[in-house]
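A closer look at the structure
Given next are the chains, with one letter for each unit.
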Amino acid sequence: QAIFYVLLGLAAVGLFFLGRSMTSLELLLGAPSSLFQTLFMMGTVLSVVLLIPSVLGSLYMSDDLFQVLLLPYSPLQIVFAKIINLAHLPVLIGAAVTFPAGIGFITSNYIGISFILALIFAFISIVLISISFDVSLIVLILYLVKGFRNKDHLKIIGAIIGMILLILWIIFISFFISSTG
């Protein structure tokens, strides 16, 4: 896990310098727009794929469920707390993907407030999309395969179905952007 954080940090530094190297000419040609679209898709896919085992372990494979249900909280509050507990990985990946390139780009070019707001919106979107997608995916998989609680097999099934759905989503979004743009 430490290697993952080191690699994520190195990627963040690289993305900072990539954003910093964008010039005004590339801004006129639209290159930053395609760069940030690619970074957004990459951050979302990476976050979704890496979050699947955590969602599975937190919601379905944890042994603390019987102790937690005895507490004076509603089941909705317990599930919401477990989902919020999962947010650290998408927040870290979203911040490492969006902010370094954006800050590098801001420091090398004159950028208005709309770019900064779009950067914050992209960060929040990465977090919300990955958590909601993974929770929905795991709930759907475990609804379809009742009584099957082998954690390793469920991780593989979840990763395969998640990648298929993400590829379909990216194709849909790319088609939508190309047809409207």
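**So, the packing of helix 6 (residues 88-108) against helix 7 (residues 113-144)**
Two numbers describe how helix 6 lies on helix 7: the axes approach to 9 Å, and their chain directions differ by 165°. Of the possible angle classes, the one that applies to helix 6 and helix 7 is roughly antiparallel. Pair helix 6 / helix 7 crosses with right-handed handedness. Contacts between helix 6 and helix 7 involve Pro-90, Val-91, Gly-94, Ala-95, Thr-98, Phe-99, Gly-102, Ile-103, Phe-105 and Ile-106 from the first element and Phe-115, Ile-116, Leu-119, Ile-120, Ala-122, Phe-123, Ile-126, Val-127, Ser-130 and Ile-131 from the second. Looking at the contact of helix 6 with helix 7 residue by residue, the classes come out as 16 nonpolar, four polar and no charged.

**Some remarks on helix 5 (residues 75-85)**
For helix 5, the full list of buried residues reads Ile-78, Lys-82 and Ile-83. The buried residues of helix 5 occupy one face: seen down the axis, they fall within an arc of 135°. Exposed side of helix 5, more than 90 degrees from the buried face: Leu-76 and Phe-80 are the residues found there.

**Here we look at the confidence of the model for the chain**
When pLDDT is averaged along the chain, the result is 75, and 80% of the positions lie at 70 or above. Predicted confidence in the chain is weakest over helix 2 (residues 24-29), with a mean pLDDT of 56, and strongest over helix 5, with 82.

**Remarks on the nonpolar core**
Phe-36, Leu-39, Leu-51, Val-55, Ile-131, Val-135 and Ile-138 are the most contacted members of the largest nonpolar core, which has 30 residues in total. Among the elements of the structure, helix 1 (2-20), helix 3 (31-59), helix 6 and helix 7 are those that each provide at least two residues to this core. The leading source of residues in this core is helix 7, at nine residues. Contact partners of Ile-131, with chain neighbours within four places excluded, come to Leu-51, Ile-83, Ala-87 and Pro-90.

How each quantity is defined
Residues numbered from 1 in each chain as written. Predicted model: local features only at pLDDT ≥ 70, side-chain atom pairs only at ≥ 80, totals over all residues. Heavy atoms only, no water. Axes fitted to C-alpha atoms, helices over the stretch in contact; angles between N-to-C directions. Helix = DSSP H or I, 4+ residues; strand = E, 2+ residues; numbered from the N terminus. Parallel < 35°, antiparallel > 145°, perpendicular 65-115°, else oblique. Left-handed = near helix turned anticlockwise from the far one by under 90°. Contact = heavy atoms within 4.5 Å. Nonpolar A, V, L, I, M, F, W, Y, C, P; charged D, E, K, R; others polar. Buried < 20%, exposed > 50% of the residue type's maximum accessible area, 1.4 Å probe, protein only. Arc of directions from axis to C-beta. pLDDT = per-residue confidence, 0-100. Core = buried A, V, L, I, M, F, W, Y, C linked by side-chain atoms within 4.5 Å.

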